[in-house]
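Residues per chain, in single letters:
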Amino acid sequence: MTNVSYRTINVDGVKVFYREAGSPDEPKLLLLHGFPSSGHMFRDLIPLLADRYHIIAPDLPGFGQSDLPGRGHSFDSIAETIDRFTEIVGFDRYAVYVFDYGAPTGFRLAVKHPERITAIISQNGNAYEEGLSEGWNPIQAYWRDASEENRNALKPFLEPESIAWQYTHGAPDIAKVSPDGYSLDSFYMTRPGAVDVQFDLFGDYKSNVALYPAFQTYFRTHKPRFLAVWGQNDPFFLPPGAEAFRRDIPDATVKFFDTGHFALETHAVEIAAAIRDFLG
């Protein structure tokens, strides 16, 4: 049985909640979740890896049990907080697992501190424009024009039905997808101010796309050990986005699984096995 500790620390005035498992003497692995979830999304993966790695999975600022920031929340501010968080918890050299919003967060850390990154695992974490599906069109419209009309068009993304759909779409058997994850996400979305934070991040996602060339330069220059584990039926991040990593990191390993965006909901065992083989 894996012992998981649940902790909260102050990171320059921001309360960050995180899960921790494994011996501090083992290689370090940082898990960064995506929208609209929290570290809870790693509940099945952590026990499958904690015998070999020292794992920490924070809730990003604005998500889960971590503090909700004020208006103007951005991916730069998330990355700055998580960067400082890693220093406080003693993650000086670590592999990083990135998913969805966790990808532009983790890639910012890698660009800033390439010497700290021992490997990257990207699970539906994009860094190439060919990886963006047409599902991004309403959000891209909001980037270009933050009108009330374009803002209102994004409200369905934050409704419980839409959150559940993100978990179940593309899964080979939705009976295998626990409702706990999407129900918890919907609960956190009811916190006062949570919806405004998400709209700010929708609008700021353009900053991630603007950084794609910088991320790709990092990949070409440093060629980190890289594993992509991808739900091939993802309605947001397409398989070409996974294949594109090989353009800049020819030795990258790319594996596809017959599932959707939240691949860990159905394929945690297979993904854990791929990570164990990859990291050694």
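Residues numbered from 1 in each chain as written. Predicted model: local features only at pLDDT ≥ 70, side-chain atom pairs only at ≥ 80, totals over all residues. Heavy atoms only, no water.

Chemist: How should I be thinking about helix α6 (residues 160-168) in this particular structure?
Modeler: Since there are 3.6 residues in each turn of an α-helix, residues three or four apart along the chain are aligned in direction. Looking only at α6, the buried set comprises Ser162, Ile163, Ala164, Gln166, Tyr167 and Thr168. Residues of α6 that are buried in the fold lie against α7 (179-188) and α12 (264-279). After α6 finishes, the residue Gly170 shows a positive phi value of roughly 85°. (Buried < 20%, exposed > 50% of the residue type's maximum accessible area, 1.4 Å probe, protein only. Helix = DSSP H or I, 4+ residues; strand = E, 2+ residues; numbered from the N terminus. Contact = heavy atoms within 4.5 Å.)

Chemist: Help me understand the nonpolar core, please; the structure alone is not making it clear to me.
Modeler: Ranked by size, the top nonpolar core spans 94 residues in total, and within it Tyr97, Phe202 and Phe219 carry the most contacts. Top element by residues in this core is α12. It accounts for 8 residues. Excluding its chain neighbours within four sequence positions, the residues that come into contact with Phe202 are Phe35, Tyr101, Ile139, Tyr142, Trp143, Leu154, Phe157 and Leu158. (Core = buried A, V, L, I, M, F, W, Y, C linked by side-chain atoms within 4.5 Å.)

Chemist: What is the right way to look at helix α4 (residues 137-144) in this model?
Modeler: Residues of α4 that are buried: Ile139, Gln140, Tyr142 and Trp143. Looking straight down α4, one finds its buried side chains confined to an arc of 155°; they lie on one side. Tucked into the core, α4 has its buried residues touching α5 (148-152) and α8 (194-210). (Arc of directions from axis to C-beta.)

Chemist: Can you walk me through the pattern of salt bridges in this structure?
Modeler: Once their charged atoms are close, side chains differing in charge can pair, the charge on each being opposite to the other. One pass over the full model with this rule turns up 15 salt bridges. The shortest N-O distance in the salt bridge between Arg151 and Asp196 comes to 2.8 Å. A residue pair is termed long-range when its members are at least 10 positions apart, and Arg151 in helix α5 and Asp196 in helix α8 qualify at 45 residues. Residue Arg151 is classed as buried on the basis of its relative accessible area, which comes to 14%. The salt bridge partner of Arg220 is Asp248, with a shortest N-O separation of 3.0 Å. Linking Arg220 in helix α9 (residues 212-222) with Asp248 in helix α11 (residues 245-248), this pair joins segments that are 28 residues apart in sequence. The exposure class assigned to Arg220 is partly exposed, which follows from its relative accessible area of 40%. (Salt bridge = Lys/Arg side-chain N within 4 Å of Asp/Glu carboxyl O.)

Chemist: It is not clear to me how the environment of Arg225 should be interpreted in this structure. Could you clarify?
Modeler: Note on placement: Arg225 falls in the loop between α9 and β7 (226-231). Accessibility expressed as a relative area gives 40% for Arg225, which makes it partly exposed. Put simply, Arg225 and Pro179 are 46 residues apart on the chain and 34 Å apart in space, counted from C-alpha to C-alpha. Those residues within four positions of Arg225 in sequence are excluded, and the remaining contacts are Thr118, Ala119, Ile120, Phe278 and Leu279. Separated by 2.6 Å, the side chain of Arg225 and the backbone oxygen of Phe278 make a polar contact. From its side chain, Arg225 meets the backbone oxygen of Leu279 in a polar contact 3.5 Å long. (Polar contact = N/O pair within 3.5 Å; in protein donor to acceptor, adjacent residues only side chain to side chain.)

Chemist: Where do I start with unusual backbone geometry in this structure?
Modeler: With glycine set apart, most residues show a phi of negative sign, and most peptide bonds adopt trans. Residues Phe35 and Pro36 are joined by a peptide bond in cis, for which omega reads -5°. One can find Pro36 in the loop between β3 (28-32) and α1 (45-49). Although it is not a glycine, Asp12 sits at a positive phi angle of roughly 50°. Mapped onto the secondary structure, Asp12 falls in the loop between β1 (4-11) and β2 (14-21). The exposure class assigned to Asp12 is exposed, which follows from its relative accessible area of 61%. In this structure, Asn124 is a non-glycine residue whose phi angle is positive, near 55°. For Asn124, the position within the fold is in the loop between β6 (117-122) and α4.

Chemist: Sorry if this is basic, but what is going on with the packing of α8 against α9 here?
Modeler: Packed helix pairs are characterised by how far apart their axes lie and by the angle those axes make with each other. Direction vectors running N to C along α8 and α9 enclose 35°, while the axes themselves pass 4 Å from each other. From α8, Tyr205, Asn208, Val209 and Ala210 reach across to α9, where they touch Tyr212, Pro213 and Phe215. Of the residues that constitute the contact of α8 with α9, the class distribution is 6 nonpolar, 1 polar and no charged. (Axes fitted to C-alpha atoms, helices over the stretch in contact; angles between N-to-C directions. Nonpolar A, V, L, I, M, F, W, Y, C, P; charged D, E, K, R; others polar.)

Chemist: Would you take a moment to explain the packing of aromatic side chains for this structure?
Modeler: How two aromatic rings sit relative to each other is given by the distance of their centres and the angle of their planes. Within the structure shown, the criterion is met by 31 aromatic pairs. Ring centres of Phe219 and Phe226 lie 5.8 Å apart, and the angle between their planes is 70°; this geometry places the pair in the edge-to-face category. Here Phe219 matches Phe226 in class, with each residue buried. Connected via pairs of aromatic rings, a cluster forms that spans Phe35, Phe63, Phe75, Tyr101, Trp136, Tyr142, Trp143, Phe157, Phe199, Phe202, Tyr205 and Phe237. (Phe/Tyr/Trp six-rings, centres within 6.5 Å; stacked < 30°, edge-to-face > 60°.)

Chemist: Hey, could you run me through the sheet that holds strand β5 (residues 94-98) in this one?
Modeler: Taken in spatial order, the 8 strands make up an open sheet running β1-β2-β4-β3-β5-β6-β7-β8, and their pairing is mixed. Two strands lie at the open edges of the sheet, namely β1 and β8 (253-257), each paired on one side alone. Pairs of neighbouring strands in the sheet enclose a mean axial angle of 20°, with direction left out of account. Sheet strands in contact with helix α2 (residues 75-88) are β1, β2, β3, β4 (54-58) and β5, and its direction is about 115° off that of β1. (Pairing = 2+ DSSP bridges.)

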